[in-house]
Amino acid sequence: MVRMDAPVRVWLFGTPRTSGASMPLVSAQRLVALLCERPGAEWGRAELAQLLWPDASEEAIRSRLRTALVQARSVLGANAIAGDKQSLCLDPSGLEVDVWEAKALIRRANIADDPGKEEAALRQLLAVACRPYLAGQSGDWIEGAQRRWRQRTTDARFRLAEIAEAEERWGVAAELVEEILEDSPYDERAWLALLRLSSRRGTHVEVCARMDLASQKLRGMGARFSPGTLSLADSVRSGKLYPTSLPPLQGDMASRTLSRMLSDGPEDALLFLGSDAFRTEVYREPVVAADLLERTLATTLGHSESRLRCTLLALVAHSVLQNHGRARELATEVLEHDRNLARRRGAATMLAFAHFQVREWDLAYRYGEMAVDLAAQMKDQTGLHLARAQVTAFDWHQGRYEQALASYTAIQAELEPVAEQRARLGRAVIAMNAGYVHAILGDLDRARDSIEASIHLAALADHPSLLALALPALGALEVLLGGKETGAEMLARGLGIALRQKDERSLQIGLEWAAWALAALGDGASAQATMVLVGDMRAQSSHARSPFELRFAEIVSSAAGAAEPDPTWLLLRSRRRLASAMIDRLAEAAENRSVG
């Protein structure tokens, strides 16, 4: 008998069971699972019956539903499932469900403000969802839910591996990736991560041999790894990837030595901080890099080769951090005093971007074309294509969509055979931008395909920060194309990345994509309020909407219909509170509009 003074615990991972009583009927287990998908929401009896017994007669359905409902109420409590002849509704009070706990942990991880909290939430998630959802059962909606939960736990392991890798816990990261490969032996994303880690750990020979075997088996099934993944494997096999990585103890020693350089011999620090090896760290830790570079520049004078290299890397760091005022100062210094064509081209590219960000179009085009001319002088074909891609971005932001797509197609064809890192990253950015353009032109399928390709290329280029822009777009497109819960989760992950990286521009753009998804899910009032709040955020950061983004805002407003902005939503002035509320609202709206 159910104890009314204690919550009833429901387990849906593994064999469904409850703490109240046994639930031997599979039909009752499935009914409880479906009702738990949308707690508090009204289900039509006909909708439930179609999902539970799609091929049964009407008479059989009535009998089976009545029997399943009697057993479900006996284990959850007599008042847990309310309803009439037309509908049923699960009252979530007095219930504790492992699936609800798992979803709450996903949301907690998405909005965590530091890696430690995020890691704790993801570890708890893996403990809760350690067994398959509705283990051993089948059916269209069940198998769909099982795939989604496998993907959620896979994504959790990937993110835990990224956190461990960032903290140089190579062994922990490798174990997590190995767990993914146990379940999905041909997962390209997992092989990419394992290749990177093996290069750092010195186990690349064994990992490359294993991948060769997996590749042979895949070819035997009529499939193959992508050319980019195979190219990366070749780089690792030859020892070219991450040749300068330091073990943790050596890294600590290098850090102490650099600190002494900054105080005792800043000219020596210029040589180290201006090196190609340090450039990678600028992208990985732009805040720390900017501080080190600025301290060194402040204690040195002149325009020596090493100081100009540091000036350019400081410019890179400030560009990543959206510090456009300081970026313009540094870029101007490079262009005035540096005769090196490569550094001048880099400065022109970033100066063009800085002016683009504040919508100074004439200056953006001026410096963008300067970068094109400098790349041509250098006879650097890859650099030339990338510089042209930047100018193309200005074109589509100005509303020249078809022209931009034609340009991107030509540039992608030129870059595709190029294996170097900057070409991979350039292709990732171009694919994402092309996806944005396809979306505003209404071709959502092509937009989704393009942004999916961008995410894959970003993985090849080991550039996770691009996910802060690509994931929300892909999530919104999934929602618009019918994948409501999957899309909501992608949006949550993307917004979480932007929050953790303190990337204001990516957060603004991600929230606008999220508003479009929210409007499509029927919450026009919150969508309209989000666009108002993002407009305020843009004004504060001098990141006004371009003609493309004004058209995007019109599309969102049209999708929201005649709804007025939700006044309570307009009170969410904190970035974190707005993103957190958006993540929760998307999840609620998606769950209330679909089975899962």
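Computed from a predicted structure; not experimentally measured. (Residues numbered from 1 in each chain as written. Predicted model: local features only at pLDDT ≥ 70, side-chain atom pairs only at ≥ 80, totals over all residues. Heavy atoms only, no water.)

Caption draft 1: How the structure looks around the pairing of strand β1 (residues 8-11). Of the strand pairs in this sheet, β1 and strand β6 (residues 95-97) are connected by three bridges, and their pairing is parallel. Across the sheet, the residue bridging to Arg-9 is Glu-96, located in β6. Pairing of β1 with strand β2 (residues 17-18), which is carried by two bridges, proceeds in the antiparallel orientation. Each residue of the ladder has a partner; that of Val-10, found in β2, is Thr-18. (Pairing = 2+ DSSP bridges. Helix = DSSP H or I, 4+ residues; strand = E, 2+ residues; numbered from the N terminus.)

Caption draft 2: A look at the packing of aromatic side chains. Going through the model one piece at a time under the given rule, you end up with 15 aromatic pairs. With a centroid separation of 6.1 Å and an interplanar angle of 70 degrees, the aromatic rings of Phe-13 and Tyr-133 are classed as edge-to-face. Linking Phe-13 in the loop between β1 and β2 with Tyr-133 in the loop between α5 (115-128) and α6 (140-166), this pair joins segments that are 120 residues apart in sequence. The two residues Phe-13 and Tyr-133 agree in class, both being buried. Between the aromatic rings of Phe-356 and Trp-361, the centroid separation amounts to 5.7 Å while the plane-to-plane angle is 65 degrees, which identifies the pairing as edge-to-face. Above the ring of Phe-158, the side-chain terminus of Arg-189 is found at 3.9 Å from the ring centroid. (Phe/Tyr/Trp six-rings, centres within 6.5 Å; stacked < 30°, edge-to-face > 60°. Buried < 20%, exposed > 50% of the residue type's maximum accessible area, 1.4 Å probe, protein only. Lys NZ or Arg CZ within 6 Å of the ring centre and 35° of its normal.)

Caption draft 3: How the structure looks around the side chain of Ser-215. In this structure, Ser-215 sits in helix α9 (residues 204-220). Among the residues examined, Ser-215 registers a relative accessible area of 8% and is labelled buried. Once residues lying within four places of it in the same chain are set aside, the contact partners of Ser-215 are Phe-225 and Leu-230. (Contact = heavy atoms within 4.5 Å.)

Caption draft 4: Structural detail: helix α26 (residues 524-540). Between its terminal C-alpha atoms α26 stretches 25 Å, which fits the 24 Å expected from 17 residues at 1.5 Å a residue. Along α26, the residues classified as buried are Gly-524, Ser-526, Ala-527, Gln-528, Ala-529, Thr-530, Met-531, Leu-533, Val-534, Met-537 and Arg-538. (Expected span 1.5 Å × (residues − 1).)

Caption draft 5: How the structure looks around α5. The terminal C-alpha atoms of α5, which comprises 14 residues, lie 20 Å apart, in line with the 20 Å expected from a rise of 1.5 Å per residue. Turning to α5, its buried residues are Glu-118, Glu-119, Ala-121, Leu-122, Leu-125, Leu-126 and Val-128. On the buried face of α5, the contacting elements are α4 (98-110), α6 and α24 (484-501). Residue Asp-114 occupies the N-cap position of α5, its side-chain oxygen lying 2.8 Å from the main-chain nitrogen of Gly-116. (Polar contact = N/O pair within 3.5 Å; in protein donor to acceptor, adjacent residues only side chain to side chain.)

Caption draft 6: Just unusual backbone geometry, in detail. Located in the positive-phi region is Glu-168, a residue other than glycine, with phi close to 60 degrees. With respect to the helices and strands, the residue Glu-168 is situated in the loop between α6 and α7 (170-183). The class for Glu-168 is partly exposed, based on a relative accessible area of 33%. Backbone geometry places Arg-359, a non-glycine residue, at a positive phi of 60 degrees.

Caption draft 7: Structural detail: the pattern of salt bridges. On inspection of all chains with the given rule, the structure shows 41 salt bridges. Across the pair Asp-234 and Arg-237 runs a salt bridge, and its minimum N-O distance is 2.8 Å. With Asp-234 and Arg-237 both in helix α10 (residues 227-237), this residue pair falls three residues apart, about one helical turn. Accessibility expressed as a relative area gives 36% for Arg-237, which makes it partly exposed. Across the pair Glu-504 and Arg-575 runs a salt bridge, and its minimum N-O distance is 2.8 Å. Residue Glu-504 is located in helix α25 (residues 504-520), and its partner Arg-575 is located in helix α28 (residues 575-593); the two are separated by 71 residues in the primary sequence. (Salt bridge = Lys/Arg side-chain N within 4 Å of Asp/Glu carboxyl O.)

Caption draft 8: Geometry of the nonpolar core. Membership of the largest hydrophobic core comes to 153 residues, with the highest contact counts inside it found for Leu-76, Tyr-133, Tyr-436 and Trp-513. In contact with Trp-513, other than residues within four places in its own chain, are Tyr-436, Ala-439, Pro-472, Ala-473, Ala-476, Leu-477, Leu-491 and Phe-552. Listed in part, the 39 residues of the second largest apolar core include Leu-330, Ala-352, Phe-356 and Phe-394. (Core = buried A, V, L, I, M, F, W, Y, C linked by side-chain atoms within 4.5 Å.)

Caption draft 9: Spotlight on the packing of α5 against α6. Two elements in contact, α5 and α6, have axes separated by 10 Å at closest approach and are oriented at 145 degrees. Where α5 crosses over α6, the two elements pack in a sense that is left-handed. Across from Pro-115, Glu-118, Glu-119, Leu-122, Arg-123, Leu-125 and Leu-126 in α5, the residues of α6 making contact are Trp-149, Thr-153, Ala-156, Arg-157, Arg-159, Leu-160 and Ile-163. Considered class by class, the residues forming the contact of α5 with α6 number eight nonpolar, one polar and five charged. (Axes fitted to C-alpha atoms, helices over the stretch in contact; angles between N-to-C directions. Left-handed = near helix turned anticlockwise from the far one by under 90°. Nonpolar A, V, L, I, M, F, W, Y, C, P; charged D, E, K, R; others polar.)

Caption draft 10: Examining the sheet that holds strand β5 (residues 87-90) more closely. One open sheet accounts for three strands, arranged β3-β5-β4; its pairing is antiparallel. The open sheet has two edge strands with one neighbour each: β3 (42-44) and β4 (81-83). Looking at each pair of strands side by side, their axes are set apart by 30 degrees on average, direction ignored. Alignment of β3 against β5, held across three bridges, turns out to be antiparallel. Paired with Glu-42 across the strands is Cys-89, a residue of β5. Against the sheet, helix α3 (residues 58-76) touches β4 and β5, its axis set at about 135 degrees to β4.

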